[in-house]
Amino acid sequence: MSEKRSQFPLPLSSVTGGNTRKTTLPSPVATPQTATQNARNNSQAQPPGGQRGAQSGVPGPAKPAPAQPQQTVARSDLAATEAPRRAMAARAARQGVKDAQVLGALEIVPRHMFVEPGMLAQAYVDISLPIGHNQTISQPYIVARMIELLKEGGQPLRRVLEIGTGCGYQAAVLSCVAQEVYSIERIKPLHELAKANLRPLRIANLRLQYGDGMLGLPQVAPFDGIILAAAGLEVPRALLEQLAIGARLVAPVGAQVQHLQRITRTGKAEWTSETLEACHFVPLRPGTA
Ligand code: SAH
């Protein structure tokens, strides 16, 4: 990476490299548990494309699975994860996600490249998983649902902002549906982790920023869409101000009880808000760490 490229915006397309670590393939299972419980409950794997838990199409409690033979693949071997990726997108569709572009993005982005090596077997399970620093990679369904809500009936997504890069998974999914994606992370090691995870994917339209996402990115605003991957008691004013007129913001709002909220900017000083389904996210925090 050159001097210039190491600064924001970071063109991921400019960086090459691949991770050839050997790993095992995922087991699609849905559970509403916390990321840590998810990791524990699903410590046994199933071959790719398995249908365990996928019948109802809605998250249900995880049942311990009998030990299954696992297929060993390189982490960079995308072809080997095609079937579980397709199964994950099909499951999101059964759970109610309708947007074909979003489902296509879910099918394309290799989620196994964003989870910790010890959790690779659960990469395509419909659950959140720990990524270190008390944070999580979001459940695939909620990633798809939030992006669908951002798109639904709205204007084309040219410039989109994500608050809470985490491991970078949702940013990669967003990069398939928007022309330009900016993503901010407040925890430095996670910002670095996302860079490392995304580098081999060489995504040209994604820019990562280390900083406090509650302040948004005024130098790049206005945005056609903003997504928060962490829950606050309310949506920061600065983010509402950085929406283009007609644009939308989707965020989890609440503490113990959280709901997805969709806010549309209808005028210079006017916003409308819809409260949607219940969800569970890590907290939105001010400042950097
Ligand atoms: N987008 C991720 C989910 C990350 S979890 C995915 O693809 O699965 C939410 C992230 O939001 C955490 O990494 C947390 O550190 C981050 N976060 C919380 N408050 C923030 C803030 N004010 N600015 C930027 N990131 C924030």
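Here, the structure is the one placed above.
Each value, and the rule that gives it
Residues numbered from 1 in each chain as written. Predicted model: local features only at pLDDT ≥ 70, side-chain atom pairs only at ≥ 80, totals over all residues. Heavy atoms only, no water. Near = heavy atom within 4 Å. Polar contact = N/O pair within 3.5 Å; in protein donor to acceptor, adjacent residues only side chain to side chain. Areas by Shrake-Rupley, 256 points an atom, 1.4 Å probe, with all protein chains shown as cover. Buried < 20%, exposed > 50% of the residue type's maximum accessible area, 1.4 Å probe, protein only. Helix = DSSP H or I, 4+ residues; strand = E, 2+ residues; numbered from the N terminus. Arc of directions from axis to C-beta. Contact = heavy atoms within 4.5 Å. Axes fitted to C-alpha atoms, helices over the stretch in contact; angles between N-to-C directions. Parallel < 35°, antiparallel > 145°, perpendicular 65-115°, else oblique. Left-handed = near helix turned anticlockwise from the far one by under 90°. Nonpolar A, V, L, I, M, F, W, Y, C, P; charged D, E, K, R; others polar.

A. Fine view of the site of the ligand. Near the ligand you find 26 residues, and of these Ser-138, Gln-170, Glu-185, Gly-213 and Arg-285 are the closest. Take Glu-162: an N or O atom from its side chain is 2.8 Å from a nitrogen atom of the ligand. The contact in question runs from a nitrogen atom of the ligand to an N or O atom on the backbone of Thr-165, over 3.4 Å. Notes on the ligand: free accessible area 580 Å², of which the protein chains cover 100%.

B. Examining helix H3 (residues 100–108) more closely. Of the residues making up H3, those classed as buried are Val-102, Leu-103, Ala-105 and Leu-106. One side of H3 holds all its buried residues, which, seen down the axis, span an arc of 155°. Of the exposed residues in H3, those oriented more than 90 degrees away from the buried face are Ala-100 and Ile-108. Check the buried side of H3 and you find it contacts helix H2 (82–94), helix H4 (140–151) and helix H5 (169–174).

C. The arrangement of the side chain of Asp-212 in detail. Its location among the elements puts Asp-212 in the loop between strand S7 (206–210) and strand S8 (223–228). A polar contact is formed between the side chain of Asp-212 and the backbone nitrogen of Gly-287, at a distance of 2.9 Å. Discounting residues that sit within four places of it in the chain, Asp-212 has contacts with Ile-184, Arg-285, Pro-286, Gly-287 and Thr-288.

D. Molecular detail of the packing of H2 against H3. Running from N to C, H2 and H3 cross one another at 150°; their axes reach a closest spacing of 7 Å. As the angle between them shows, H2 and H3 are arranged roughly antiparallel. Regarding H2 and H3, the two cross each other, and that crossing is right-handed. Contact with H2, carried on its side by Arg-85, Arg-86, Met-88, Ala-89, Ala-92 and Ala-93, involves Leu-103, Leu-106, Glu-107 and Ile-108 of H3 and no other residues of that element. By residue class, the composition of the contact of H2 with H3 is 7 nonpolar, no polar and 3 charged.

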